[in-house]
Amino acid sequence: LDRRKGQLLFVEAAAHVCRAVEEARFFVVGSLVGDQRYLLDIRSRLRDLGLENKVVLVGPVDHATAWMHSFDVCCVPSQTEALSVAGLEAMALGRPVVATRVDGNPEAVIDGETGLLCNPSDSKDLASKLVRLLRDATLRQQLGVRARARADEMFDIRATGRHLAE
């Protein structure tokens, strides 16, 4: 749990999304250990926004792949991110990614092709990208297919091995 990962931005965006897509549900998967003051801030904001039944702080899981398979969209709201492993895993599973336009995210996520990029620290922009994908199953599917191809192209073990050997 780290402010740089943008979980609070995700919560703020979820509030905007829920106004547009009432049935939307959100899951924060991963460790809740770390900055405990930040966790209190997140829980407080969830209460303030009335999102306790819409946003679930799952915590760590043994099989993240199963969780990612259940998502329509993967969100990487980081304020700084060398290269998001979760985003790459989602892409490898054919899930479109909505990520902040910071550091390594634009290297992996091609805006409008394998996912959507939003402005960092802008919950309304993040929400608009999420709403766009939640409302458009065809676009989600197209971006997911391209995301899978991009993940294979960039990180396939055979291609990476050949590249390293060169």
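Calculation criteria
Residues numbered from 1 in each chain as written. Predicted model: local features only at pLDDT ≥ 70, side-chain atom pairs only at ≥ 80, totals over all residues. Heavy atoms only, no water. Helix = DSSP H or I, 4+ residues; strand = E, 2+ residues; numbered from the N terminus. Rg over C-alpha atoms; globule rule 2.2 N^0.38 Å. Buried < 20%, exposed > 50% of the residue type's maximum accessible area, 1.4 Å probe, protein only. Contact = heavy atoms within 4.5 Å. Areas by Shrake-Rupley, 256 points an atom, 1.4 Å probe, with all protein chains shown as cover. Lys, Arg positive; Asp, Glu negative; His and termini not counted. Charge placed at Lys NZ, Arg CZ, Asp CG, Glu CD. Salt bridge = Lys/Arg side-chain N within 4 Å of Asp/Glu carboxyl O. Expected span 1.5 Å × (residues − 1). Arc of directions from axis to C-beta. Polar contact = N/O pair within 3.5 Å; in protein donor to acceptor, adjacent residues only side chain to side chain. Pairing = 2+ DSSP bridges. Right-handed = clockwise from strand over helix to strand, strands pointing away.

Visitor: I'm lost on the overall build of the protein chain in this one. Help?
Guide: Scanning the protein chain from terminus to terminus reveals eight helices and five strands. Start at the N end of the protein chain and walk to the C end: the helices and strands fall as α-β-α-β-α-β-α-β-α-β-α-α-α. Here the protein chain has a C-alpha radius of gyration of 16 Å; the compact-globule value for 166 residues is 15 Å, and the two agree. Referenced to the eigenvectors of the C-alpha coordinate spread, the extents of the protein chain come out at roughly 55 × 35 × 30 Å. Out of the 166 residues belonging to the protein chain, those deemed buried represent 43%. Once local pairs closer than 6 in sequence are excluded, the contacts in the protein chain between residues at least 24 apart make up 62%. Surface exposure of the protein chain reaches about 8,900 Å², of which carbon and sulfur atoms provide 50%. Of the charged side chains in the protein chain, 22 are positive and 23 negative; the average position of the first set lies 4 Å away from that of the second.

Visitor: Would you mind showing me how to read the pattern of salt bridges here?
Guide: When the charged atoms of two side chains lie near each other, side chains of opposite charge can form a pair. Across all of its chains, the model carries 10 salt bridges by this definition. Ionic pairing is found between Arg-45 and Glu-12, a salt bridge with its closest N-O pair at 2.5 Å. Note that Arg-45 is positioned in helix α2 (residues 36-49) and Glu-12 in helix α1 (residues 7-20), a separation of 33 residues in sequence. The class of Arg-45 is partly exposed, set by a relative accessible area of 28%.

Visitor: Would you explain helix α7 (residues 137-155) in this entry?
Guide: One turn of an α-helix holds 3.6 residues; hence residues three or four places apart share an orientation. When the terminal C-alpha atoms of α7 are compared, their 26 Å separation across 19 residues agrees well with the 27 Å that a helix rising 1.5 Å per residue should span. Taken as a whole, α7 has its buried residues at Leu-139, Arg-140, Leu-143, Gly-144, Ala-147, Arg-150 and Ala-151. Along the long axis of α7, the arc covered by the buried residues comes to 130 degrees, so they all point the same way. Against α4 (85-92), α5 (105-108), β5 (115-118) and α6 (123-135) lie the buried residues of α7. Sitting at the head of α7, Asp-136 places a side-chain oxygen 3.2 Å from the backbone nitrogen of Thr-138.

Visitor: Even after reading the chapter, I still don't get the environment of Val-97, so can you show me in this structure?
Guide: Looking at where Val-97 falls in the secondary structure, it is placed in strand β4 (residues 97-100). With relative accessibility at 1%, the residue Val-97 sits in the buried group. Along the backbone, Val-97 and Gly-144 are 47 residues apart, and their C-alpha atoms lie at a distance of 8.1 Å. Leaving out residues up to four positions away in the same chain, Val-97 has contacts with Cys-74, Val-76, Gly-87, Ala-90, Met-91, Val-109, Thr-114, Gly-115 and Leu-116.

Visitor: Can you help me understand the pairing of β4 in this one?
Guide: Consecutive residues of a regular strand have side chains that alternate between opposite faces of the sheet. Judged by which residues are buried, β4 turns out to be covered on both faces: Val-97 and Ala-99 on one side and Val-98 and Thr-100 on the other are all buried. Relative to β4, strand β3 (residues 74-76) runs parallel, the two sharing three bridges. Across the sheet, residue Cys-74 finds its bridge partner in β4, namely Val-97. This β-α-β element, β3 to α4 to β4, shows right-handed connectivity. For β4 and β5, the ladder comprises four bridges, and the chain directions are parallel. Within the sheet, the bridge partner assigned to Ala-99 lies in β5 and is Leu-117.

Visitor: I tried to follow the pairing of strand β1 (residues 26-29) on my own but got confused; where do I start?
Guide: Side chains Phe-26 and Val-28 of β1 all project onto a buried face; the interleaved residues Phe-27 and Val-29 project onto a face where none is buried. Sheet topology places β1 next to strand β2 (residues 55-59); four bridges connect them, and they run parallel. Bridge pairing links Phe-26 to Val-55 in β2. Taking the sense of rotation as the criterion, the β-α-β connection linking β1, α2 and β2 turns out right-handed.

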